[in-house]
Amino acid sequence: MNLRIGFHVPIKGGIQNSITNALDIGCTAFQIFTRSPRQWHSKDLVEADVKLFKTNLKKSGIEKNSVAVHMPYLPNLAGPDGELFEKSVNSFTSELIRCSQLGIEYLVIHLGSHKDMGRDHGINQLLKSCGQAVDNYKSAFKRNLDVTILLENSAGQKGSMGSKLEELGEILDKLSNKTYRVCLDTCHAFASGYDLSTEEACRRFINDFDNTVGLDSLKFIHLNDSKHEIGSHRDRHELFGHGKIGAKGLSTIINDKKMGNVPMVMEPNFVSVEEDAKNLALIRKLRRQPN
Ligand SMILES: [Zn+2]
Ligand SMILES: [Zn+2]
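Below, the structure is looked at part by part. For clarity, every value in this text was computed on a predicted model and none was experimentally measured.

## A look at the sheet that holds strand S3 (residues 67-70)
In step 1: Strand order in this open sheet of eight strands is S1-S10-S7-S6-S5-S4-S3-S2, and the pairing throughout is parallel. In this open sheet, the two strands that pair with only one neighbour each are strand S1 (5-7) and strand S2 (30-32). Across the sheet, the mean angle separating the axes of adjacent strands is 30° when strand polarity is ignored.
In step 2: Judged from the four bridges that link them, strand S5 (residues 148-152) and strand S6 (residues 180-185) form a sheet pairing that is parallel. Bridging across to S6, Leu151 finds its partner in Val182.
In step 3: Packed onto the sheet, helix H9 (residues 273-284) meets S1 and strand S10 (264-266) and runs at close to 155° relative to S1.

## Some points on the coordination of the zinc ion (ligand 2)
In step 1: The zinc ion (ligand 2) binds to the protein through His188 (NE2), Asp235 (OD), Asp235 (OD) and His237 (NE2); the donor distances cover 2.0 to 2.7 Å.
In step 2: Because the angles between the four donor atoms bound to the zinc ion (ligand 2) fall within 52 to 138°, the donor set is best described as irregular.
In step 3: As a motif over one chain, the donors of the zinc ion (ligand 2) read H-x46-D-x1-H.
In step 4: Between the zinc ion (ligand 2) and the zinc ion (ligand 1) there is a metal-metal distance of 5.1 Å. Note that His188 is positioned in helix H6 (residues 186-191) and His237 in strand S9 (residues 237-238), a separation of 49 residues in sequence.
In step 5: We classify His188 as buried; its relative accessible area is 4%.

## Remarks on the layout of surface pockets
A probe as big as a water molecule, rolled over the atoms, marks out the empty space that is left.
In step 1: In this structure, the largest pocket encloses a volume near 740 Å³.
In step 2: Every residue lining the largest pocket is counted, 27 residues in all, and those nearest its centre are His8, Phe33, Tyr73, Glu267 and Pro268.
In step 3: For the lining of the largest pocket, a count of residues per class yields ten nonpolar, eight polar and nine charged.
In step 4: Along the wall of the second largest pocket there are 23 residues; nearest its centre are Tyr73, Pro75, His110, Gly112 and Ser113.

## Observations regarding H9
In step 1: In this model, H9 (twelve residues) spans 16 Å end to end at C-alpha, consistent with the 16 Å of a helix rising 1.5 Å per residue.
In step 2: Listed as buried for H9 are Asp276, Asn279, Leu280 and Ile283. The arc that holds every buried residue of H9, seen down its axis, measures 100°, which confines them to one face.
In step 3: Looking at the buried positions of H9, the neighbouring elements they touch are S1, helix H1 (17-25), helix H8 (246-255) and S10.

## With respect to unusual backbone geometry
In step 1: The phi dihedral of Asp116 falls on the positive side, at around 65°, and the residue is not glycine.
In step 2: Tracing the sequence through the fold places Asp116 in the loop between strand S4 (106-110) and helix H4 (119-141).
In step 3: The phi dihedral of Lys142 is positive, around 55°, even though this residue is not glycine.
In step 4: Relative to the elements of secondary structure, Lys142 occurs in the loop between H4 and S5.
In step 5: Accessibility expressed as a relative area gives 69% for Lys142, which makes it exposed.

The rules behind these values
Residues numbered from 1 in each chain as written. Chains lettered and ligands numbered in written order. Predicted model: local features only at pLDDT ≥ 70, side-chain atom pairs only at ≥ 80, totals over all residues. Heavy atoms only, no water. Pairing = 2+ DSSP bridges. Helix = DSSP H or I, 4+ residues; strand = E, 2+ residues; numbered from the N terminus. Axes fitted to C-alpha atoms, helices over the stretch in contact; angles between N-to-C directions. Contact = heavy atoms within 4.5 Å. Donors = N, O, S within 2.8 Å, 3.2 Å for Na, K, Ca; no water. Tetrahedral: all angles 85-135°; square planar, octahedral: opposite > 155°, others 65-115°. Buried < 20%, exposed > 50% of the residue type's maximum accessible area, 1.4 Å probe, protein only. 1 Å grid on protein atoms, 1.4 Å probe; cavity = no way out; pocket = protein on both sides within 12 Å on 5 of 7 lines; lining within 4 Å. Points joined across faces, edges and corners; volume = space filled by probe spheres on them. Nonpolar A, V, L, I, M, F, W, Y, C, P; charged D, E, K, R; others polar. Expected span 1.5 Å × (residues − 1). Arc of directions from axis to C-beta.

Set out below in structure tokens:
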């Protein structure tokens, strides 16, 4: 199978532009926000844009299961009850609906922070917000959910949920149905203490991941390098090979029999389309052979 890899791309000027942006770079996988990620407010999607998005995606040759939407940043799905929690569930519901409208299979969510309420409370709140968002979706649409929710591992900032593989596995178990799978962010894993910087360390991590979360549950990868050292608990992405993980470790992921066949996107700071295209072509060459 060929590598399915790309970038998080902008939607400026309309959501349909994301596909042109992805193709210009040479992406065979990509990720978008459906709206501004740093605001609560979002405008409804424009029907004509949605139509164009769908036809353009079909024409693009990019596989449907290689496209993901990322949740906006403000919601906290594991926080205590109250106004913020309600707003978070509403925004989660709205993203599920937007994914469905766009025909996008995957919605990546952050697991949020328990806010000093303790891990168990955080897990319960997370299960509650997932349950409520899916129920809201079903009653709004009068049909079953056709979006898979991907739980993303965190960098292990204070109070954050799901930075350890065991915890991610535990949450996935508790949600226990086909609606939930996993998105692995390599920068977050490294920041939370997993060494990925050598081939050997990376192999150990992949094994560990399989034993705790399960490789079959892995549907998407954020192939980010890390600006900060291992165990820093800081979430700052670097371009592949330009951070503390380095190209050796990340190439191991690309060349792994299983992980290497999962769609992956990078989320560095945007420089230019030309730079992205050039970097993507270089990274593709690191794949030794199609697995
Ligand atoms: Zn993320
Ligand atoms: Zn991050």
